[in-house]
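Listed below are the residues making up each chain.
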Amino acid sequence: MHNIGFIVFGITGLLALTSLLPGMAVRLKLPYSVLLAVAGSALGLLVAARSYMPEGVMATDFLTTLADFHISSEAFLVLFLPTLLFESALAIDVRRMMNDIAPILVMAVIAVVVCMLVVGFTLSSLSDFGLIACLMLGAIVATTDPAAVIGIFREIGAPKRLTMLVEGESLLNDAAAIALFSMLAGMLLGGEEAAWGGLIVDFLVKFLGGALVGAAMGIGVCYLFPLLKGFVSAEITLTVALAYLSFFVGEHYFHVSGVVACVLAALVVGSFGRTRMSPRTHEQMEGAWGQLGFWANSLIFLLAAMLVPEILRGTTWMEVSLILVLYCAALLARLVVVGGLLPLLTAIGVAEHVDNRMKLVVMWGGMRGAISLALALAVVEDPRATDTLRDFIATGVTGFVLMTLFINGTTLRLIIHWLKLDRLSVLDRGLRDRALSLAVEEIDDEVRTIGRREGLEATAIQAVTARYAPQLAQLRKLRERQGDLMLDELLCVGLAMLSAQEEVRYFENFKDGIMPRRVVATLLTDTGRLREAALSDGRVGYQSAARQTMRHDWRMKLGIWLNHRLGFDRLLAASLAERFETLLNRRLILEEMLNFSRERLTPLLGEETAIEIRDLILERGSAVDEALSALRLQYPDFARELQSRYLGRIARQMETERYDEWKERAIVGGEVADALSHDRDLRWADLDRAGQLDVALSATELVERVPLFAKLPPDKRAAIARLLKPRMTLPGDGIVRRGQRGDAMFFIASGAAVVLIPGKPVELGSGEFFGELALLTGQPRNADVVSLGYCRLLELESRDFQNLLAGDPEMKRAIEAVAAGRMARHRD
Ligand code: CMP
C-alpha cells in the first residue's frame, strides 16, 4: 500500500475534500477551521471503522492509505511551517505595521511569554508533568490564528489599526512561540541543559539572528528580481524557494531561528520587493501564495483532526480536567494581555484606544489553529519523546484547539451580534444611502448619454433607467430634507465619501501608470486613515489625521540618523525623494477633490456641509503646499524633474490609449502596434525608476556656502572641511535644547533655523551659525534652536572649535563679536 500512487491518491483525496468545505462554511456561517476540524474528526472515525468496510473498494483503500500515512515530526515543521508563515507575512502591509510596531511587538512577545508562564505554572502545579513539558505546552498554545477574527473585523468594518494589531500580533507571536518551543523541545528531547539565564540570552540571539539572516536573504532575492526579466512564474518560484531556503539555511547553517528568518524574508519581499518585481507578478504572487497557504492550512488541520477520535478514546477524566484547566489558563493569559497590557499601551500613548467591545472580541477570538497543531504533531511524531509526553501534548493541544474552535469559533458571531457590533450605525446607513445615490445618479446620466449617442430608442433607454428609479427617488428625498442625519453626521458622511473618492482617484492613476506604486501605497494608507478618523471623530479626527499624514515617517528619521551617525545617505535620499513625489501627487488630487465636493457633494449634503468640507480640503492643501515649498527651496532641480515625469507619464498613457484604439479598430496590424508600443517603452524607459535625489553634498562643498570660511585660502578651507561634519535636519527638528550642555556648534550651509527666544524669536539663514555661546562661555545652552526647513548644517565639535579659534585669530574675533552681540541682546 505504500507505493507513491497511493500517497498521491490519499493527498489528492484530502484536497478534493477540502475544496468542498469553504463554500459550505459560508453557507453554515461557521469559521472555515471549525468545519475542517469537524471533517477531519469524521474522517478519523471512518478510518477507525474501516475494518468493517468491504475490502478492495475505493473508499476503503482511501481510508487505509490515510491510516498508513507516516509523516515524520520534521516533515510537519519543514514542509508546512515555512508556507504558513511566509504566506501570512507576505500579506502584511509592512508600512502600516511599522507605524504600530511598538504595540504589536509588545503584544506579541509579552502575550506569548504570559501564556507560556500562566499555562506552564498552572499545569505543573496541578499535575506531575515536569515544568518544562508544561511550559512547552504553554508555548505551543500561545500562537493565535487570526483568520476568523480578521474575517469578521473586515465584515463589520472594524478600524484598520485594530485589524493590523491583531494580524501583526499573530504573525510575530507565531515566530516568538515557535522559537521558544524549539528551545524547550531541545531541552526536553535533546537533553540540552536547562539554564534559565542562558535561555533568555539564547532566545534573543536566535530571534535576532534569525531576523538578520531572513532580512539579508530577502534583500538578496529582491536584488535578483530585476535579473529575471519580468517572467512572472520565475519570480513567484523564487519567492517559494526563498520561504524554504531562509528557513533551512537559518536553522541549519546559522543555528538561528528558521521561523523568524522565514517571516523576515517574507516581510522584506512583501514590502521592498514589491517595487522591484514586475507589476504583473504582484497579484499573481498573492494568488499563488494564497493557494499554497490554503493547502498547507487545510492539510495540517485534516491530518491533525483525524487523530482526534483515537486521542479522545484513550482520554481519562484526569486529562479532560487538565484540558479544561488549560483552556481557562490560556483564556486568563489572553485576558491579562488584552485587558491589562493593551490599555497600558494606550495610556502611555503608543496604541490607539480600543473599544471595550472590540477588546472582548479580540480576546474571545483568540482561536488556535494549524501552527499549534503542527507543533504538537512534531512532538507526537518525535521518536525521542516518551509515551507520556506524547499523550500529554497530543491530548492537551488537540483538546485545547478543538475547544477554542468549537466554543469560541462557533459563538464568535453570536457575541458580535450580542455586542451589536454588526449593526450598521446611523452614520453607516447615511453613508450607504448617499454613496448609493451618488453612484446611481452617475450611472443614470451615463446610460442616457450612451443611449442617445448610439441612437437607441427612447423606450429602450427608459427600460434600463427605470431600474434605478427607486434610488433616484430616494436621492430626491435626501436632498429635500437632509434625511435622518444631524449636521455633524452629515459632515462625517461627506468626509468619508470624499476620502473614498480620493482613494478611487489614486487607484485609477496608479492603474494608468501615472502615479508610481510606492507613492500610491502611502497615499492610499493615509486616505484610509483619514476616512476612519472622519467616521469616528468627525471634523476634529479628520484634521488630526490630516496633520499626521504630513509627518515624516520612521524611514525618514532612520535615514537622518544613519546619515548623521554613519554618513550613509541612500535611505535619506530615497525617503526624501519619495516624500517629494507623494506630496506632489497628493496636491494634484486635492485640486480635483475641490471640484468633486462642489459638483457632487453639494447637491447631496447641502451647501453648509459642502463649504465645511471645502475648507478642510483647502486646509490640507495649504499644509501640503508649505511642505512642498520647503522641499522645493532645497531641491529645485528635483522638483522640476518630478513635474516633467508626471507629465511624461500622462503622455505615455495617452500614447498607450491611442495605440490600443488603433489596434482594436484594426487601423494598424498587430505587428505594427507592437513596434509602436516598443518605441513608446524605449522613449519612456526612465519614467518608472525611482527618482534620484542628491543629498550627498560633501563638507567641502558646503563649506563654500558659509561666508566666514569662503574667504579663506583653499588649503585652510580644506583643513576646516575635515573638521566639520555635514548633517541634515527636517522642518521642526529641535537641534539645540535650552539648558543642555553644549558640545558642538553649527553653521547653516543652506536652509534656515529659528532661535526660540521668548517673545522675540530670531531667524537665522544660510551662512549664519549658532550654538557658539555654550562653547565660548561654558554655560548651558541659552535657547532652543529649531530647524525651519530642510537644513544642511555643518557641525563643529567643541575640541575642534577651540583648536580652530586658537589657530585663526581673525575668525575668533568674528565669532566672538557675533556672540557678544547676542549675549548683550539677552541681557536687555
Ligand atoms: P548656545 O547658548 O550654545 O545655544 C543656543 C544658541 O542660540 C546660542 O548658543 C546662540 O548661538 C543662539 N542665540 C542665542 N541668542 C541669540 C540671539 N539673540 N540671536 C541669534 N542667536 C542667538
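Residues numbered from 1 in each chain as written. Predicted model: local features only at pLDDT ≥ 70, side-chain atom pairs only at ≥ 80, totals over all residues. Heavy atoms only, no water.

J.: Which residues make up the state of the cysteines, and what values do they have?
T.: Throughout the structure, instances matching the rule amount to zero disulfides. No disulfide involves Cys-262; its sulfur sits 14 Å from that of Cys-222, the nearest cysteine. (Disulfide = S-S within 2.5 Å.)

J.: Could you give an account of a negative patch on the surface, with specific residues and numbers?
T.: Among the surface-exposed residues, Asp-512, Glu-657, Asp-660 and Glu-664 lie close enough to one another that they form a single negatively charged patch. One can find Glu-657 in helix H27 (residues 636-664). In this structure Glu-657 comes out as partly exposed when scored by relative accessible area, which is 48%. (Patch = residues over 30% accessible without salt bridge, like charges linked within 9 Å, V, L, I, M, F, W, Y side chains within 5 Å. Areas by Shrake-Rupley, 256 points an atom, 1.4 Å probe, with all protein chains shown as cover. Salt bridge = Lys/Arg side-chain N within 4 Å of Asp/Glu carboxyl O. Lys, Arg positive; Asp, Glu negative; His and termini not counted. Charge placed at Lys NZ, Arg CZ, Asp CG, Glu CD. Helix = DSSP H or I, 4+ residues; strand = E, 2+ residues; numbered from the N terminus. Buried < 20%, exposed > 50% of the residue type's maximum accessible area, 1.4 Å probe, protein only.)

J.: Quick one: what's the story with the sheet that holds strand E5 (residues 762-764), residue by residue and with numbers?
T.: Within the open sheet, the four strands sit side by side as E2-E7-E4-E5. Their pairing is antiparallel. At either end of the open sheet lies a strand with only one pairing partner, and these are strand E2 (734-736) and E5. The average undirected angle you get between the axes of adjacent strands in this sheet is 30°. (Pairing = 2+ DSSP bridges. Axes fitted to C-alpha atoms, helices over the stretch in contact; angles between N-to-C directions.)

J.: Help me get a handle on the sheet that holds strand E3 (residues 744-750), residues and values and all.
T.: Pairing in this open sheet of four strands is antiparallel, and the strands run E1-E8-E3-E6 from one edge to the other. Edge positions in the sheet fall to strand E1 (725-729) and strand E6 (769-770), since each of these pairs with one other strand and no more.

J.: Can you explain helix H16 (residues 356-364)? Please cite residues and give values.
T.: Where H16 is concerned, the buried positions are Met-358, Lys-359, Val-361, Val-362, Met-363 and Trp-364. Considering only its buried residues, H16 is in contact with helix H8 (147-156), helix H9 (160-189), helix H15 (317-347) and helix H18 (387-418). (Contact = heavy atoms within 4.5 Å.)

J.: Describe unusual backbone geometry, naming the residues involved and giving the relevant values.
T.: Residues other than glycine seldom take positive phi values, yet Lys-29 does so here, at roughly 55°. Tracing the backbone through its elements, the reader meets Lys-29 in the loop between helix H1 (4-28) and helix H2 (32-48). For Lys-29, a relative accessible area of 59% corresponds to the exposed category. Phi is positive for His-255, which is not a glycine, with a value near 55°. As for its placement among the helices and strands, His-255 is situated in the loop between helix H11 (232-252) and helix H12 (258-271). Judged by its relative accessible area of 56%, His-255 is exposed.

The quantities given are spatial measurements derived from coordinates; they are silent on function.
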